[in-house]
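# Structure at a glance
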Amino acid sequence: MLADLSPLIAATAEWLTRAYPACGGAFACALCEAQARQAATVAAWLRYPTAADAALVGMAGPGGSARLDGISGADGADTADEAWRSWVDEIVASWAAALLADPALAADAVAALAGGDHTRGTTPDFRRLLAPDERDRRAAALLRHPDLLAPVARLHRAELLDRLGRGRALVA
């Protein structure tokens, strides 16, 4: 079974960096991309926690960026590179946006990955997501702006909170 989420992660991170581009030159673009990729990785690993989940999304496909493009105002019309957009996962993008906008939520999400299929035997470094330095923050000013991310982040925020055990408490 193919359990590789890298095409989905790469496409979703690409969508995030195109919708919320870096502020600055080439180095800023690299820093912004690293943050988007880390957020998309954490979100994808939470969304598809087992090898079987990852294999299923690999077979069925993640759905594409059409709805996200409409919500964010991102230009999805460049026909020359349309294929990558089919690998964008709307829920992963929404969760990644929520993580980028909320450091406490990002810390909870990374903690929730411990002992899972994707982190077994490794200690992934999500420093740029969890503890961005001043250069990271400047480069990703748009990518981390809560007001700009809100329309995308709120799409599936409730599901993310449920996955992290932070859903609404039941009232007796």
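Quick look at the structure, then. (Residues numbered from 1 in each chain as written. Predicted model: local features only at pLDDT ≥ 70, side-chain atom pairs only at ≥ 80, totals over all residues. Heavy atoms only, no water.)

Looking now at the packing of aromatic side chains. Considering all chains together, one arrives at two aromatic pairs under this definition. Measuring from centroid to centroid gives 6.3 Å for Trp15 and Tyr20, while their planes differ by 80 degrees, and the two rings are edge-to-face. The burial state of Trp15 is the same as that of Tyr20; both residues are buried. Both rings, one in Trp45 and one in Phe126, keep their centres 5.9 Å apart while their planes meet at 80 degrees; by these two values the pair is edge-to-face. Of the two residues, Trp45 sits in helix α2 (residues 26-47) while Phe126 sits in the loop between α6 (103-112) and α7 (127-130), which places them 81 residues apart along the sequence. (Phe/Tyr/Trp six-rings, centres within 6.5 Å; stacked < 30°, edge-to-face > 60°. Buried < 20%, exposed > 50% of the residue type's maximum accessible area, 1.4 Å probe, protein only. Helix = DSSP H or I, 4+ residues; strand = E, 2+ residues; numbered from the N terminus.)

What follows concerns the nonpolar core. If you look at the biggest cluster of nonpolar residues, it comprises 48 residues, and the most contacted ones within it are Trp15, Val42, Leu99 and Leu129. Excluding anything up to four places from it in sequence, Val42 contacts Leu99, Ala109, Val110, Leu113, Phe126 and Leu129. (Core = buried A, V, L, I, M, F, W, Y, C linked by side-chain atoms within 4.5 Å. Contact = heavy atoms within 4.5 Å.)

With respect to the helices and strands, Leu155 occurs in the loop between α9 (146-153) and α10 (157-163). Each C-alpha atom of the pair Leu155 and Asp102 lies 15 Å from the other, and the pair is 53 residues apart in sequence. Every residue in contact with Leu155, bar those within four places of it in the chain, is listed here: Arg67, Leu68, Ile71, Glu90 and Ser94.

Looking now at the environment of Arg67. The topology assignment puts Arg67 in helix α4 (residues 66-72). Along the backbone, Arg67 and Val152 are 85 residues apart, and their C-alpha atoms lie at a distance of 9.7 Å. Ignoring any residue separated from it by four or fewer positions in sequence, one finds Arg67 in contact with Glu90, Leu155 and His156. Only 2.7 Å separates the side chain of Arg67 from the side chain of Glu90, close enough to count as a polar contact. (Polar contact = N/O pair within 3.5 Å; in protein donor to acceptor, adjacent residues only side chain to side chain.)

This part takes up the packing of helix α1 (residues 6-19) against helix α5 (residues 90-101). It is at 10 Å that the axes of α1 and α5 come closest, and there the two elements cross at 55 degrees. What the angle tells us is that α1 and α5 run oblique. Of the two elements, α1 crosses α5, and the hand of that crossing is right-handed. Contacts from Leu8, Thr12, Trp15 and Leu16 of α1 reach α5 at Val92, Ala93 and Ala96. (Axes fitted to C-alpha atoms, helices over the stretch in contact; angles between N-to-C directions. Parallel < 35°, antiparallel > 145°, perpendicular 65-115°, else oblique. Left-handed = near helix turned anticlockwise from the far one by under 90°.)

Don't take any of this as a statement about function, it's just geometry.
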